[in-house]
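As a plain string of letters, each chain reads:
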Amino acid sequence: MQMQDNLMELQFEIDIADCMALQNNHLKNSKHFKRTKLLVLWFVPILFCFFILIDVLQKDFNPIHLVLYGSVTLIWILFVEKRFGKRILKKAKKEMEKEANSKFLGPIELSINADGLILCTQNSKNEYNWNTIKKLEETSEYYFLYNSSESAIILPKNKIEVELDELDILIKSNLKTI
């Protein structure tokens, strides 16, 4: 790690846990995921309400159907609520563990300056102007610099050998200029 005036050189490793932290953060904050989860969560209850309505309109209503539909709906809501995100994260982890995705893992060299960021991995070198960073999301353990709605540069705070206050100021001051 080197720090000069408005230039910071960082070296760290990205592992599967870091990539999964990004996935988890995305699931917690993504509007698209929240809409999809809501749709899936309420699909079965709405479908069962439709079935009950058909039973009532056909004058073939049976209270046992109401109990059955209500029970299945309750189980569905509890099951989906708990398992939906976990299942997506499990699939994402499986994909990350495939050899083809290993390009996201390993040593990273990141240069941060007033113009933007230069990210170097074993396989590539990418330059990002500050105006290509769409948003910053910060947790207690990470900075996620999103360059698209689903892609971000991961900065694991515990792996960066620099004063985090300096890094925080450098990132946030440059993001304010866009």
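As shown above, the structure is provided for reference.
Residues numbered from 1 in each chain as written. Predicted model: local features only at pLDDT ≥ 70, side-chain atom pairs only at ≥ 80, totals over all residues. Heavy atoms only, no water.

## Focus on the overall build of the protein chain
Defined as follows: Going along the chain from the N terminus, every DSSP run of H or I of four or more residues is numbered as a helix, and every run of E of two or more is numbered as a strand. Note that the radius of gyration is over C-alpha atoms, with the globule rule given as 2.2 Å times the number of residues to the power 0.38. Two residues qualify as a contact provided that any one of their heavy atoms is within 4.5 Å of a heavy atom in the partner residue. His is not counted here, nor are the chain ends, while Lys and Arg score as positive and Asp and Glu score as negative. Charged side chains are reduced to one point each, which is NZ for Lys, CZ for Arg, CG for Asp and CD for Glu.
Summing up its helical and strand segments, the protein chain has four helices and eight strands in all. Its C-alpha radius of gyration of 23 Å places the protein chain more than 25% over the 16 Å reference for a compact globule of 178 residues. Overall, the C-alpha framework of the protein chain stretches about 80 × 35 × 25 Å when taken along its three principal axes. Expressed as a percentage of contacts within the protein chain between residues at least 6 apart in sequence, the contacts between residues at least 24 apart total 57%. In the protein chain, 23 side chains carry a positive charge and 23 a negative one; their mean positions are 12 Å apart.

## Description of the pairing of strand β3 (residues 106–113)
The test is simple: The pairing criterion is simple: DSSP has to find at least two bridges between the two strands.
Two strands pair when backbone bridges link them, and strand β2 (residues 7–14) and β3 are joined in this way by eight bridges, in the antiparallel orientation. Opposite F12, over in β3, you have I108 as the bridge partner. Pairing of β3 with strand β4 (residues 116–120) involves four bridges; the strand directions are antiparallel. Across the sheet, E109 pairs through a bridge with C120, a residue of β4.

## Some words on the environment of M8
The cut-off we apply is this: Residue burial is assigned from relative accessible area. The probe radius is 1.4 Å, only protein chains are included, and a residue is buried under 20% of its type maximum, exposed over 50%, and partly exposed in between.
Position of M8 relative to the elements: it lies in strand β2. Residue classification places M8 among the buried residues on the basis of a relative accessible area of 0%. Linking M8 and V162, residues 154 residues apart in sequence, is a C-alpha distance of 8.9 Å.

## Quick look at the sheet that holds strand β7 (residues 142–146)
Picture the strands of a sheet paired through backbone hydrogen bonds; they go either parallel or antiparallel. What counts, and what does not: Where helices are involved, their axes are fitted lines through C-alpha atoms of the stretch in contact, as for all axes, and angles between N-to-C directions lie from 0 to 180°.
The sheet built from three strands is open, its strands ordered β6-β7-β8 with antiparallel pairing. Each of the sheet's edge strands pairs with one partner strand only, and the pair in question is β6 (135–138) and β8 (152–156). When strand polarity is set aside, the average angle formed by the axes of neighbouring strands in this sheet is 15°. Here five bridges tie β7 to β8, and the two strands are oriented antiparallel to one another. Across the sheet, the residue bridging to F144 is I154, located in β8. Relative to β7, helix α1 (residues 16–29) is tilted by about 65°, and along the sheet it contacts β6, β7 and β8.

## With respect to the packing of helix α2 (residues 31–57) against helix α3 (residues 63–97)
Definition in use: By the definition adopted for this analysis, an angle is roughly parallel if under 35 degrees, roughly antiparallel if over 145, roughly perpendicular if from 65 to 115, and oblique otherwise.
Contact pair α2 / α3: the axes reach a minimum separation of 10 Å and the direction vectors enclose 170°. Relative to α3, α2 is oriented roughly antiparallel. Contacts from F33, T36, K37, V40, L41, W42, V44, P45, F48, F51, I52 and D55 in α2 reach H65, L66, Y69, V72, T73, W76, I77, V80, E81, F84, G85 and I88 in α3.

## Remarks on the nonpolar core
Within soluble globular proteins, side chains that are nonpolar generally end up buried alongside one another. Under the convention used in this document: As used here, the term nonpolar core means buried Ala, Val, Leu, Ile, Met, Phe, Trp, Tyr and Cys residues forming a set that is joined through side-chain atoms within 4.5 Å.
Residues L10, I112, L117, L155 and L167 are the most contacted members of the largest nonpolar core, which totals 30 residues. Of all the secondary-structure elements, those providing two or more residues to this core are β2, α1, β3, β4, β7, β8 and α4 (164–176). Counting residues per element, this core draws most heavily on β7, which supplies five residues. Discounting chain neighbours no more than four positions away, the residues touching L155 are F12, L110, E141, Y142, Y143, L145, I160 and I171. In this structure, L27, L41, L89 and A92 belong to the second largest nonpolar core, which totals eight residues.

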